[in-house]
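# Per-entry structural report
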Amino acid sequence: MTKRALITGITGQDGSYLAELLLAKGYEVHGLIRRASTFNTGRIDHLFVDPHEANARLFLHYGDLSDGARLVTLMAQIDPDEVYNLAAQSHVRVSFDEPEHTADTTGTGTVRLLEAVRLSGVRTRYYQASSSELYGSTPPPQSETTPFHPRSPYAAAKLYSYWITKNYREAYGLFAVNGILFNHESPRRGETFVTRKITRAVARIKAGIQSELYLGNLDAVRDWGYAPEYVLGMWQMLQADEPDDYVLATGTGYTIRDFLDVSFGHVGLDWNEFVRFDERYLRPSEVDALIGDPSKARERLGWEPTVDGAALARIMVDADVSALEAGTAHWVDSPQSAPWAEALR
Ligand code: NAP
Ligand code: GDD
């Protein structure tokens with residue numbers, strides 16, 4: 001029997017890799033997509049097969065986590081074996097600008113989707129995209145038993161989603177899991193997250209079309225892994241015998257300065273000559289250090305990351321340099337397009 005999966009956030013970084021993975025495993029994949037005045041399918045365009053063709057296995061449906069009735073209808077129509085809730089307003093700094101919207105999508109959106117599962121009566125397994133941001137100011141190393149202390153509207157909304165997912169597991173016996181994922185990046189990473197902002201700038205500076213890069217706090221420590229390896233972990237969590245919560249991380253921390261060193265150094269440049277400070281990129285309350293302990297996922301799921309932060313920086317710089325040289329759009333945008341990426345948070 002062909003398995004069916006529903007992915008919210010399919011147009012995002014993780015959604016695109018997860019769709020690839022599930023299609024490769026023979027799944028029929030359904031994705032929730034927001035209606036926009038311009039197409040937002042850049043990360044999944046390479047997966048397109050005309051739905052009129054008999055071999056089509058990827059289907060998109062308009063919907064939004066703010067629209068509970070639509071989620072119930074879709075859930076009943078699709079009747080998925082697995083639901084992956086990846087949709088969110090996922091930018092921590094932006095959550096300080098839009099706290100209410102972030103609560104509505106990143107927090108309440110989760111219970112709307114869980115209610116859609118319950119009310120439609122489908123028998124499905126459910127994955128919730130939880131985050132290392134939950135740990136906030138609790139010092140590393142962080143594991144499944146480390147206390148949470150969220151430091152942003154985004155993290156507070158994710159904390160609600162974490163607990164409501166656990167509650168549906170305990171109250172209704174739903175096979176529901178939280179993946180507590182530490183930062184994971186790729187050439188498809190959104191252009192305003194710090195890693196992609198840096199690697200995109202490296203390509204542009206190297207090509208002579210950018211001269212400065214404005215950043216905020218360079219001292220924060222993050223545990224950066226490679227997104228395709230993390231979506232495999234999501235799938236593994238839903239194949240386990242029992243529902244449980246797992247940390248996915250590499251176990252190694254790097255500062256933003258370290259990431260700058262490797263990224264600029266990879267093309268023979270010194271970042272000190274180009275990086276400037278802009279306080280608009282600071283957060284009202286910062287998360288200083290996140291370094292995960294992925295032992296449980298390694299032991300129980302056999303999940304093993306192979307790409308560390310330095311290797312990741314080189315992968316991302318190479319991708320941005322190639323895209324610029326080819327002059328073609330790379331996934332969502334190429335480094336020569338999206339001028340607002342440099343100006344927005
Ligand atoms: P992303 O690239 O920002 O993608 C977010 C996705 O959510 C996009 O498809 C977006 O649609 C969709 N979305 C946003 N608001 C929505 C709404 N109201 N209704 C329906 N869809 C909506 O995020 P990501 O990096 O792939 O991360 C995936 C998930 O994991 C997120 O929940 C994120 O918070 C969480 N997470 C990420 C990391 C990480 O390091 N990447 C770590 C831990 C947890 P558009 O394309 O239309 O904007
Ligand atoms: N975005 C951004 N832009 N961050 C900057 C900048 C800048 O110009 N300058 C310094 N930083 C610092 C931030 O202050 C933060 O400490 C660090 O770089 C990482 O910022 P982001 O790349 O925006 O990621 P994040 O760690 O806040 O959040 C990401 O990871 C979480 C998991 O830990 C997101 O993907 C979240 O959705 C995810 O939950």
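Our subject is the structure listed above.
What comes next concerns the included structure. Note that this is a predicted model, so its numbers are computed, not measured.

## Section: the site of ligand 2
In the vicinity of ligand 2 there are 24 residues, among which Ser131, Ser132, Tyr154, Asn183 and Glu286 approach most closely. Arg189 is positioned such that a nitrogen or oxygen atom in its side chain is 2.8 Å from an oxygen atom of ligand 2. In this structure, Gly216 approaches ligand 2 through a main-chain N or O atom, which is 2.8 Å from a nitrogen atom. In the complex, 96% of the free accessible area of ligand 2, which totals 710 Å², lies under the protein chains. Where the shell around ligand 2 is concerned, the elements lending two or more residues are helix H6 (194–206) and strand E8 (213–215). Among the residues forming the shell around ligand 2, the class breakdown is 10 nonpolar, eight polar and six charged.

## Quick word on helix H7 (residues 227–239)
Three or four residues apart is the spacing at which side chains of an α-helix point the same way, because the helix has 3.6 residues per turn. If you check H7, its first and last C-alpha atoms are 19 Å apart, about what 13 residues at 1.5 Å a residue would give, namely 18 Å. The buried fraction of H7 is high, at 10 of 13 residues. Burial in H7 covers these residues: Ala227, Glu229, Tyr230, Val231, Gly233, Met234, Trp235, Gln236, Met237 and Leu238.

## Remarks on the site of ligand 1
Ligand 1 sits among 24 residues. The nearest are Thr11, Asp14, Arg34, Ser90 and Tyr154. Between an oxygen atom of ligand 1 and a main-chain N or O atom of Gln13, the distance comes to 3.1 Å. Contact distances for ligand 1 include 3.0 Å between an oxygen atom and a side-chain N or O atom of Asn40. Computed on the free molecule, ligand 1 has an accessible area of 900 Å², of which 89% lies beneath the protein chains in the complex. For the shell around ligand 1, the secondary-structure elements that each account for two or more residues are helix H1 (13–24), strand E5 (125–131) and helix H5 (153–172).

## Some thoughts on the nonpolar core
Counting 34 residues, the largest nonpolar core has Ile7, Leu18, Leu22, Val29, Tyr84 and Tyr127 as the members making the most contacts within it. Elements represented by at least two residues in this core include exactly strand E1 (4–8), H1, E5, strand E6 (175–181), H7, strand E11 (246–248) and helix H9 (295–301). Here this core takes seven residues from H7, the largest share from any one element. Of all hydrophobic cores here, the second largest spans 28 residues; its members include Leu213, Phe259, Phe264 and Val317.

Rules behind the numbers
Residues numbered from 1 in each chain as written. Chains lettered and ligands numbered in written order. Predicted model: local features only at pLDDT ≥ 70, side-chain atom pairs only at ≥ 80, totals over all residues. Heavy atoms only, no water. Near = heavy atom within 4 Å. Polar contact = N/O pair within 3.5 Å; in protein donor to acceptor, adjacent residues only side chain to side chain. Areas by Shrake-Rupley, 256 points an atom, 1.4 Å probe, with all protein chains shown as cover. Helix = DSSP H or I, 4+ residues; strand = E, 2+ residues; numbered from the N terminus. Nonpolar A, V, L, I, M, F, W, Y, C, P; charged D, E, K, R; others polar. Expected span 1.5 Å × (residues − 1). Buried < 20%, exposed > 50% of the residue type's maximum accessible area, 1.4 Å probe, protein only. Core = buried A, V, L, I, M, F, W, Y, C linked by side-chain atoms within 4.5 Å.

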